[in-house]
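# Observations on the three-dimensional arrangement
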Amino acid sequence: MPEGIPTLTRAGRLATITLRRPSQRNSLTDEDLETLLTHFAAVDADESVSVLLLQAQTHDTAQPVFSAGYHVSGFDADVMAPLFFEKIPEALARLRPVTVCAVSGSVYGGATDLVLACDLRVGLQGAQWRMPACAIGLHYYPSGLRRYVSQLGLGLTQQAFLLGQPLAFEDLQARELFVRLAPAQAWQASVDAVIEPLLRMAPLALTATKRSLQEIGAGAYSEARLRERSRQSVHSADFAEGRLAMAERRAPRFEGR
C-alpha cells in the first residue's frame, strides 16, 4: 500500500485505522490529524463496530517506529499546534468502541498519548518510549499529563517527562501497560489473540462496560448511570442469546440489541 494519510477499513464488528508514513517514521502531519478525527467520528457513528484497532505500517528493520509523533515542520508553521494535537487523543479516548493499539515499534512525543488513549495495547519487545516535551521547551497539555499519571503512575511519568530519556517497553510493562509484549516473530498472532476475544463479546455489554470502567477510573461515575446500564443489559436480546447459547453449549450469535 502506498504511503499517505491514515486509512480506515471495516470488517464486520472490527474497524482498523492504519498510519501509513513509514519512511517518515509515521510522524503525524496536520492532514493526518484531521483525517484521524474524521475516521474517529465515522467509527463512533457506525453502531455495527464494537472494536477499533489502531496500527501502523513500519519498515522491517531492527528498530521499527510505530510513530515519531507530531511532524516537526508543523511546529514551524504554527506554534499553537501542540494545543490542537490534544483533540486527537481526547477524541480517541471518548470513542464508543473498545480501542486496541498495536504498538509495532518505538513511539515518541504526542504519539505516546495516542497509545495511552486506547483501552488495550499490544507492544513489541525491544521497542522504546520517549517523551521529549521538556527537551524542546514544551509544557504538555493537561489531558495528556492526566493520562500519563493515570496509566503509568507518577514515578514513570516523572522519568518520561523530566529526564526525557527513552524507556524500554519492558520497563513500562511493570505498570501492566500492555496486554501482551510480543516478539517480532509472534507479532500478528499476539494482536489477533487480543482482537478475537473482543469480537466474540456481546457488543452492547462490551461498549457499555468500557464506558463504566472509564468513568470509575476517572472518579466521575454515577451509581444510577451504572445501574441503568446493567438494567438495560438484563433486558437485551444479547443477554437472552448468551443464556440460550450457554444452555445449548454453543457459541452465541450476538446482534447488538
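Our structure is the block above this text.
Described below are features of the structure shown in this document. These numbers were taken from a predicted model, which means no experiment stands behind them.

### Details of the overall build of the protein chain
Along the protein chain, the regular secondary structure elements total eleven helices and ten strands. Taking 18 Å as the expected radius of gyration for a compact globule of 257 residues, we find that the protein chain reaches 19 Å, a close match to that expectation. With respect to the three principal axes, the spread of C-alpha positions in the protein chain is 60 × 40 × 35 Å. Of all 257 residues assigned to the protein chain, the portion counted as buried reaches 46%. When contacts within the protein chain are restricted to residue pairs at least 6 apart in sequence, those whose partners lie at least 24 apart make up 66%. Across the protein chain, the centroid of the 26 positively charged side chains sits 7 Å from that of the 27 negatively charged ones.

### Some details on the nonpolar core
By size, the foremost hydrophobic cluster in this structure holds 61 residues, and its most contacted members are Phe66, Leu92, Trp129, Phe169 and Leu172. Ignoring anything within four residues of it in the chain, the contact list for Phe169 reads Val103, Gly105, Val107, Gly123, Leu124, Ala127, Gln128, Trp129, Phe178 and Leu181.

### Here's the deal with the packing of helix α9 (residues 203–217) against helix α10 (residues 223–234)
Look at α9 against α10: their axes get within 11 Å of each other, and the N-to-C directions meet at 165 degrees. On the basis of the axis angle, α9 is roughly antiparallel to α10. Handedness of the α9/α10 crossing: left-handed. Taking contact as the criterion, the partners of Ala208, Arg211, Ser212, Glu215 and Ile216 in α9 are, on α10, Arg225, Leu226 and Arg229. Class assignment for the residues of the contact of α9 with α10 results in three nonpolar, one polar and four charged.

### Considering the sheet that holds strand β4 (residues 65–67)
Paired through backbone hydrogen bonds, the strands of a sheet run either parallel or antiparallel to each other. One open sheet accounts for four strands, arranged β4-β6-β8-β9; its pairing is mixed. Each edge of the sheet is formed by a strand with only one pairing partner; in this case those strands are β4 and β9 (167–168). Two elements, strand β6 (residues 106–108) and strand β8 (residues 128–130), share two bridges in a ladder whose sense is parallel. Bridge assignment links Tyr108 to a residue of β8, and that residue is Arg130.

### Considering empty space enclosed by the protein
Inspection of every chain in the model, using the stated rule, returns one cavity of 30 Å³ or more. Approximately 30 Å³ is the volume found for the largest cavity. Lining the largest cavity, in full, are Gly4, Pro6, Leu19, Arg20, Arg21, Asn26, Ser27, Leu28 and Asp32. Mapped onto the lining of the largest cavity, the elements with two or more residues apiece are β1 (4–11) and β2 (14–20).

### Quick notes on the pairing of β2
Every other side chain in a regular strand lies on the same face of the sheet, so the side chains alternate between the two faces. Most of β2 is tucked away: seven of the seven residues are buried. Where burial is concerned, the two faces of β2 agree: the one with Leu14, Thr16, Thr18 and Arg20 and the one with Ala15, Ile17 and Leu19 are both buried. Bridging between β1 and β2 involves six bridges; their strand directions are antiparallel. Opposite Leu8, over in β2, you have Ile17 as the bridge partner. Where β1 hands over to β2, the hairpin turn is made up of two residues, of which Gly12 adopts a positive phi near 65 degrees. As paired strands, β2 and strand β3 (residues 51–56) are joined by six bridges and run parallel to one another. Within β3, the residue paired with Ile17 across the bridge is Leu54. This β-α-β element, β2 to helix α1 (residues 30–45) to β3, shows right-handed connectivity.

Definitions and limits used
- Residues numbered from 1 in each chain as written.
- Predicted model: local features only at pLDDT ≥ 70, side-chain atom pairs only at ≥ 80, totals over all residues.
- Heavy atoms only, no water.
- Helix = DSSP H or I, 4+ residues; strand = E, 2+ residues; numbered from the N terminus.
- Rg over C-alpha atoms; globule rule 2.2 N^0.38 Å.
- Buried < 20%, exposed > 50% of the residue type's maximum accessible area, 1.4 Å probe, protein only.
- Contact = heavy atoms within 4.5 Å.
- Lys, Arg positive; Asp, Glu negative; His and termini not counted.
- Charge placed at Lys NZ, Arg CZ, Asp CG, Glu CD.
- Core = buried A, V, L, I, M, F, W, Y, C linked by side-chain atoms within 4.5 Å.
- Axes fitted to C-alpha atoms, helices over the stretch in contact; angles between N-to-C directions.
- Parallel < 35°, antiparallel > 145°, perpendicular 65-115°, else oblique.
- Left-handed = near helix turned anticlockwise from the far one by under 90°.
- Nonpolar A, V, L, I, M, F, W, Y, C, P; charged D, E, K, R; others polar.
- Pairing = 2+ DSSP bridges.
- 1 Å grid on protein atoms, 1.4 Å probe; cavity = no way out; pocket = protein on both sides within 12 Å on 5 of 7 lines; lining within 4 Å.
- Points joined across faces, edges and corners; volume = space filled by probe spheres on them.
- Right-handed = clockwise from strand over helix to strand, strands pointing away.

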